[in-house]
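Commentary on secondary and tertiary structure
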Amino acid sequence: MTESKDPYRYVSLRKPIPPIPFLMNNPQTSRRLSQTRSKLSQMRRTKLTHDMLMSTLNSQATSNLQSITIQNRMNRNKPETQPISRPPPFPDEMMSSDRRMRLNYEFMKKCVQSAPIPTMSEDTWESMLTLLPPLLRDNAAYFPLIDSLHFEIEKEYEQSLRRYNVSTTLLKPDASTGKPGVEQPRMKFDEEGLDFSTPWRDSYEQARQNIALRLNLLHPAMQTILQLSQRFLAVPLVDCSLLRAEGPVDSENMKNNVILDCEKNEEKIMSSWFHEVVSIFYDTNSFSHIPPSRKESFYNCVSQLMVNIITGILSHTITSWVELFNPQDMTHLPLYKMQLVLEDSEMVFSPTLQELEDVVTGVVDTIAKSLQNVPTIHSYMSGASSFTLIKSSLDESIVEQNKKLLKDRLVTYFEDAKKHLKNFEDKYRYLFDGTAQKEIDSFLAKEFEMDDIFEIILRYKEVSREIALEDSFGHYHLIDLNVEQLKSSLVYICNGFVSQLLLALVELHKESNNEIIAEFENIKTRALKQPEDTPEMIDLISFTTRATTETIPRLHNDIRTAAKRLFFLLDHYFFNDKEIELNKVTLNWPSKMEPIFEENDDIVAEAKKQGETFLGDRREKVMIDLSKLMKKVEEFNECSDMDMMGQYVKDVMQVQKKLNELTGEIEFINREEELFKWEVSSYTEVEQISVMLEPYQKLFTTVLKWQRTEKKWMDGAFLDLNPEDIEAAVEEFWQEIYKVSKVFSKATKKADNKDKLTATTTRRSSVAVPKTEQHTQDAYSVCLNMQKSVKAFKAQLPVVNIMCNPGLRTRHWNGMSEIIGFDLTPDSGTTLRKMLKNNLDPVLVEFEGISNAATKEFGLERAMLKMQEEWEVIVFNTTTYRDTGIKILASVDEIQTTLDDQIIKTQTMRGSPFIKPFEKDIRVWEDKLVLTQEIIDEWLKVQSQWLYLEPIFSSPDIMSQMPEEGRLFQTVDKNWRDTMKFVTHDPKVLSATSMPGMLTKMKDSNELLDRIMKGLNDYLEKKRLYFARFFFLSNDEMLEILSETKDPTRVQPHLKKCFEGIANLEFTKEYDILAMMSSEKEKVNLTATISTAEARGAVEKWLLQVQNEMKTTVQEETKQSWEAYPTEKRDEWVLNWPGQVVLAVSQIYWTMQVHEAIRENSLPEYCQFLKEQLEVIVSLVRGELTKQARITLGALVTIDVHARDTVEHLAALQVSLENSFDWLCHMRYYWEDENCVIRIINANITYGYEYLGNSSRLVITPLTDRCYRTLVSAYHLHLGGGPEGPAGTGKTETVKDLAKAIAIQCVVFNCSDGLDFLAMGKFFKGLAAAGAWSCFDEFNRIELEVLSVIAQQMLTIQRAVLAGVSRFIFEGTELDIIPSCFVNITMNPGYAGRSELPD
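Residues numbered from 1 in each chain as written. Predicted model: local features only at pLDDT ≥ 70, side-chain atom pairs only at ≥ 80, totals over all residues. Heavy atoms only, no water.

1. Structural notes on the pattern of salt bridges
Think of it this way: side chains of opposite charge can pair up when their charged atoms draw near. Tallied over the entire structure, the rule returns 36 salt bridges. In this structure, Glu 1374 engages Arg 1367 in a salt bridge whose closest nitrogen and oxygen atoms are separated by 3.3 Å. Taking relative accessible area as the criterion, Glu 1374 reaches 44% and is therefore assigned partly exposed. Take Arg 1367: its relative accessible area is 38%, and that puts it in the partly exposed class. Members of the salt-bridge network, linked through shared partners, are Glu 346, Glu 425 and Arg 429. (Salt bridge = Lys/Arg side-chain N within 4 Å of Asp/Glu carboxyl O. Buried < 20%, exposed > 50% of the residue type's maximum accessible area, 1.4 Å probe, protein only.)

Take a look at the structure:
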C-alpha cells in the first residue's frame, strides 16, 4: 500500500502511549492538567478506536477479497503487466475533494470523541488532598466545598482528555483554504500506522488486487498441503488414552514406550506425509508463473506452512497428554505403580513423587523434541548432500506452560498418596527415627524391673502384629500404592527390638543364674575348708552363720525370680543345650546344701579342740621367757668395766630385741584368748623389764660414743678440727651423762635406804642378810668416771678454740711461732694431743689476740666467697617471646635485689680494718657488681622498648611507611638477638654480663631506640592530623590499626572511640563498606559504598570517608523521614526509621505544630492531641516489638513526655505570641534549606548529624532545661561550660545528653592528679580538629601547676574559634579547627583531693 501524501490523516498507533506523568504535587496542578493529559488514557483510547476503524473500513475489502482472488487465478497464465480492472472513480461533480476531506474529518472526530476514556484515579485525588493543610482537609465545614471541587475537577479531567485525544490523533484542515492546518503541540512519541485521514477507496482497491496477485498463501499448492495434513492434525503423535485400561504401569516403562511411539510415528509421518508434500512440487508447470525473484519467499511460505502444521501436531499431542490429567475427566487418567519403602531411616515413595513428576512432564519434552529433523522442500528437492531443516520447535513458553499445568494437577493427585504416607509416619515413625531405639537403649542402660521388660517385649510384639494387619495396597486416582515392602521393613524393625530385649533378658537371666551358682559354690568351698588357725576357724563359724540366716534365704528368692523369668522366656525364646543345663543346675542347688552344712559342723568342732590345746602351751612358754629376760637385765648392774662398753651395748640390744618378740607373742595370745572367750592374760613383767633396761641402754651408748669421739679429736688430723663443732659436741655429751647419772643417783639413794631398813630388821632378828645393791653403785661409778673425763676435756676448750681456729693462715702461725720460740705450724702429722703437750699456757693470751684477728679476717673472706658462690646458681630466667622463637628476660627483681644487697655489703667490707690482706680482691669484686648493675639497667630499657616496637616493625605495612626507623630498628634487633643468643647459651648472670662491650652496645641501642620512638611519634602525629579522631586513640591502638592496613576489619574494635555511635561496619568480601551498626545492633545503610581498596592501605583516608558519609547518610535519612512523616501513620512511621532520625524529625514537627497552635491560639487542643499521640506510642510499647523498636520508642516516650509538659506549661501561661520568651527558652528544631537547625533563646545551632546509634535519652527536668539554656548559650558565644555540683547529680550525663540532642560527638575524659599538660594537649588537638565536644569529669582533681597550662591551651582554642580561622597554631603544631568544638568541665567541690580552681 502506498503511503498517502495528505497531511490530514488519522494515525493508528502501534506502540502504547505511556501514561501522563503525575504532576499533582504543587499548587499549579490545575493549569498543567489542562495542558498535559494522561498517557495511560491515550493508550486505552488508541486500542478501542483502532479496532472500531479497522472493522468499519475493511468490511468492504473483506467482501471483495474472494472475487479478486478468483479473478487473479483466471489470469494466472496472463502476463503480469495485464491491467487490473478497477471500479469506476467517483465523478468530481458529485462531491468536491475539500468537502470529502472535511466530512471525513468530522466523521473521524466523532469517532474519536465517542471513544471510552478512563476516569480519574482515586490515587490522583488523594494526592491532591495531601497538598491541603490538615486543618483545612479535616475540617467538616469544608467537606461540601471539597466535594464540589472534586466533581468539577473530574468533569474538567474528562473534557481535557477528549480534547487531547482529538488534538493528538487528527490534523484539522484549514477552514479557508482546505489545506492542512498548523499542527498543534503534541506529546513526543513515535507516530507509525496507516493513514485514514483521506478518502481511501482507490487505495483500498489497489491494495486488494496486489494482495490477490502476490499473496503466496493463496496458491493451490498451499491448499493441497493443508488437505494432506488434515489426517495427521486430527490424530496426536502419541495416543496414551488407553493407558488406564492397561492397569497400573511402571513409570520408567511408560516413559520408554512414549519415546518409542514418538520415534515410530515420526518415521511414519516422514515416510508418508512429507513425501506426498514433496510430490506436489515435482510438477514445475504449476509453478512456472512465479517469477524467480519471488521463489525464495514462496518456498519460505511453504516452510512456514509446514512449521505451522508440525507445531500444530505437537501442540495437539501435548494438549491431549495434558488433558489426560484433567481432574474434571479422569476416564483416561494413567495409573502408575508406586511403592512405600524405608530408606535411610525415612519413609519414601519408590519412585519418588519428584521422579514421577519428572516422567509425566518429561513426556511433554519428548513430544516437543519430535519432528525436529524435517528438511525444507527447496533443499530436499535440490539434491544436496545436506539439508536445511525447518525450525519447527514449539515456543518454550508453550512447553513450560503445559508442564506447569501438569505439575499443578499432579500436586492434587499426589495428596492422597501423601496422606497415606503421613498416616504410616504418624503411627510408626518412632520405630525407625531412633526414638524407639533410644527408649530401649535407655531402658537397658539402667537397672530395670523384670515386669517392665516383659511389658515392653509384649508391646513391640503387639505393634508387629498390628503392622502385619495393615492394608498392603492403596488404590488412588493416579497411583496404585504398594505398602508390602514397608510393612516388612517395619515388622523386621519390631522383631529386631524384641530380639534385642530378649537377648538382654536372656543375658540377664544367665548372669543371674551364674551369680546364684557362684554364691552356692562359694558357700560350699568356704564351709568345707579346713581352718589353719583360730581366726580362720572363727571366720568360718561366722560365715556359716551368715550363710544359713541371710545368704541362703536370699538365694531362694533369687531362684524363684529366675524361675519366673524362665517361664516367660520359654514362651518367646529357644534355649540351647548349654543354657538348659545352666537352668537345671541353678534350680537343683538348694537340695545340695544340707549335707554340706552338716560336714561343716564336724570341721569346726575338731578345729576348736586343737586350737585351745595349742594356746595353753604358748602361754606357758611366754612366762618362762619373761623370767629369763628379767634375770638378764638384773645382770647389767655388774657392768662397770669402761673398756667393755662395746660389748655392753650389744647385750642391751639383744635384750631389747627379745623383749619386742615377746611383746608380739603376748599380743597374739591375747587375741586368741578373746576368740576362745577366755579371760585375757596380763603380763606386767614386760613393762617392768622395759623400764629397767632403758637407763642402761642410754648409759652404755653415751659412754661408748664419747670414748670414740674423744679419741678422734685427740689423735685425729689437727687441721680438720672445728672448735665450734667440738664445743657444741662436748656440751651435748655433758648434758646426756648428767641426765643418766641422775637416774642412777636416785636408784643408789633408794638402795641405801632399803639397806638401812634391812639392817635394823636384822639387828632385831639377829639374822645376817647379804648386800643386794652393790652393782647399782657400780653403774653409778661409770657415770661419775665419764663426767670426770668430759670435765677434763672441757678445761682444754680455750686452747682448742685458739689453736684450731679455721681462720689461721701461715702469717698467723708464723707470728705465734715467733712468740713461743719454735715452729708451731701444723702439718699432716700434728694432733691435738701433741699440740697440748707444748705447754701453751704462758703465751695463750698473746695467741688469743692473733686468733681473734684471724677470725675477723676469715669472716670477711668467707663473706666475699659466699657472695661469689651465690652468683654461681643465679641465672637469667628467659621466656620465648610470642611465636618469634626469641628469648627475652623474665623477672629480674631477685637479681636486682641481690645486686643491691651485695654492693652495699661489699662497700661496708671495704671500710673494715681487717680487709687489708685481700683489699685488691674486694675492689675487683665491687667493680664487677657495679658493671653488672649498669648493664642490667640498660638491658631492661632496651628490652622494654624492643618489646613495644617489635610487633610494630614486624608489620610490612609499618616498614614500608617508616623505612628509616625500620632500618634503625633492624640494627637494634640484630644486637638484641645476638645478646639473647649469648645469654641463652650461658644464662649465669656473671657469665652473661661478661660479654665484651655489652654495656656500650646496650647504650647505643637505647640511643637508636630513642630516635625510633621520636620518628614513630611524628608518624602517628601525621596520621592524627589527617584524621583528627585518631587523637582519641592511644599509640598502641593506632599502631594496631596501622599495622594491619590490608585487613580493614581490624579497625572494628576501635571504632567506638572514634565514632559516638558506630560499633561495627558492614564489609563485603572486597572490603567495601555498605552500612554502619551501633552497639545496640541498629543497622543503617550508607548512601554510597566506600571502597577501602581505593585508599591503598591508608586507613585514615577511608575512615575520613566513613566520617563524611556517616553525616551525609544521617542527613539524607532525616530528609527522607521528614518527607515521609505527613504521609504515614505515626505509629508506623516510628518503626521505619533509625532511632536518632525518629527523635529529630519528631521534634521538628513538634516545633512546627507548636508555632501553628500559638498562631491559632489552640494550645489546649494541641496539648490534648499530644496526650493522645503519647497514648498511642505507649500502647505500642506494651505490645510485641523488636529490641531495636523498643529502645527507639523508649527514647521517643521520654521526648514526647517533655514535649507534652512544655505545651501544658505554655497553655497554662496562655502564650499567644511566637516570640514569647516562655516559648523561645525551649530547645526548638526547624527544617530549613534541606538542613536541621536548632534554636534556643537567641542561639542558633546547626544539627551535627553525628550518628549516635539507637540509644536512650535522659529524662528532661526543669533543671535540665536550665542547664541546656546555659550550656547552649556558652556554646553560642564560643565559651566553655562548667556544671558544678555534688557527685551523682547528673552533671556529666546532662552534657552527654545535650550533645546527643544536637548530634555532636561528646568525648568524656576522667581527670586524675597524675594528668600532665602533654596528654591534655593531645586531647585538645583532637577536639579542635574533629569539632567534637568534651566533658572533663572531676576537672578539679588536676594539680594546680597543670591547670594553669591547661587554661592557656583552652584559651588558645577559644580565641581561634572567635577569630573564625580554619587553621591555627596549637602547641607548636598547625592544625585545622572546626568551630563546633566545645569544652565542658564538671567539678565536685569540697571533696578530698579536689583543688579550688584559680582565677
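2. Here we look at the packing of helix α46 (residues 1317-1330) against helix α47 (residues 1344-1363)
Direction vectors running N to C along α46 and α47 enclose 20°, while the axes themselves pass 10 Å from each other. When the axes of α46 and α47 are compared, the pair comes out roughly parallel. Two packed elements cross with a definite hand, and for α46 against α47 that hand is right-handed. In this structure, α46 uses Phe 1317, Met 1320, Gly 1321, Phe 1324 and Ala 1328 to contact α47, whose residues at the interface are Val 1346, Val 1349, Ile 1350, Gln 1353, Met 1354 and Ile 1357. The residue inventory of the contact of α46 with α47, partitioned by class, reads nine nonpolar, two polar and no charged. (Axes fitted to C-alpha atoms, helices over the stretch in contact; angles between N-to-C directions. Helix = DSSP H or I, 4+ residues; strand = E, 2+ residues; numbered from the N terminus. Parallel < 35°, antiparallel > 145°, perpendicular 65-115°, else oblique. Left-handed = near helix turned anticlockwise from the far one by under 90°. Contact = heavy atoms within 4.5 Å. Nonpolar A, V, L, I, M, F, W, Y, C, P; charged D, E, K, R; others polar.)

3. A short note on the sheet that holds strand β9 (residues 1083-1091)
What the three strands build is an open sheet, ordered β7-β8-β9; its pairing is antiparallel. At either end of the open sheet lies a strand with only one pairing partner, and these are β7 (1064-1067) and β9. For this sheet, the mean angle separating the axes of adjacent strands, direction not counted, is 30°. Bridging between strand β8 (residues 1072-1077) and β9 involves five bridges; their strand directions are antiparallel. Across the sheet, residue Asp 1072 finds its bridge partner in β9, namely Ser 1091. (Pairing = 2+ DSSP bridges.)

4. Observations regarding the packing of aromatic side chains
For the structure shown, the criterion picks out 32 aromatic pairs. Taking 6.0 Å as the distance between ring centres and 85° as the angle between the ring planes, the aromatic pair formed by Trp 706 and Phe 793 counts as edge-to-face. Separated by 87 residues along the polypeptide, Trp 706 in helix α23 (residues 684-715) and Phe 793 in helix α25 (residues 774-794) bring together distant segments of the chain. Its relative accessible area of 2% is what places Trp 706 among the buried residues. Under the relative-accessibility criterion, Phe 793 is labelled buried at 4%. Seen in terms of ring centroids, Phe 1067 and Trp 1102 are 6.2 Å apart; in terms of plane orientation they differ by 85°. Their pairing is edge-to-face. Note that Phe 1067 is positioned in strand β7 and Trp 1102 in helix α38 (residues 1099-1124), a separation of 35 residues in sequence. We classify Phe 1067 as buried; its relative accessible area is 17%. Among the residues examined, Trp 1102 registers a relative accessible area of 2% and is labelled buried. (Phe/Tyr/Trp six-rings, centres within 6.5 Å; stacked < 30°, edge-to-face > 60°.)

5. Quick look at the pairing of strand β16 (residues 1373-1376)
Here β16 shows a clear split, with Thr 1373 and Leu 1375 buried on one side and none of Glu 1374 and Asp 1376 buried on the other. Counting the residues between successive antiparallel strands, the hairpin from strand β15 (residues 1367-1370) to β16 contains two residues, one of them, Glu 1371, with a positive phi of roughly 50°.

6. Looking at the pairing of strand β17 (residues 1382-1385)
Side chains Phe 1382 and Asn 1384 project from β17 onto one buried face, and the interleaved Val 1383 and Ile 1385 project onto a second face that is buried too. Across four bridges, the pairing between strand β14 (residues 1333-1337) and β17 is parallel. Pairing of Phe 1336 across the sheet is with Ile 1385, part of β17.

7. Considerations on the side chain of Thr 1192
You can see Thr 1192 is positioned in helix α42 (residues 1187-1212). For Thr 1192, a relative accessible area of 5% corresponds to the buried category. The residues touching Thr 1192, leaving out its near neighbours within four places in the chain, are Val 1134, Gly 1139, Val 1142 and Asn 1254.

Geometric values such as these leave the question of function open.
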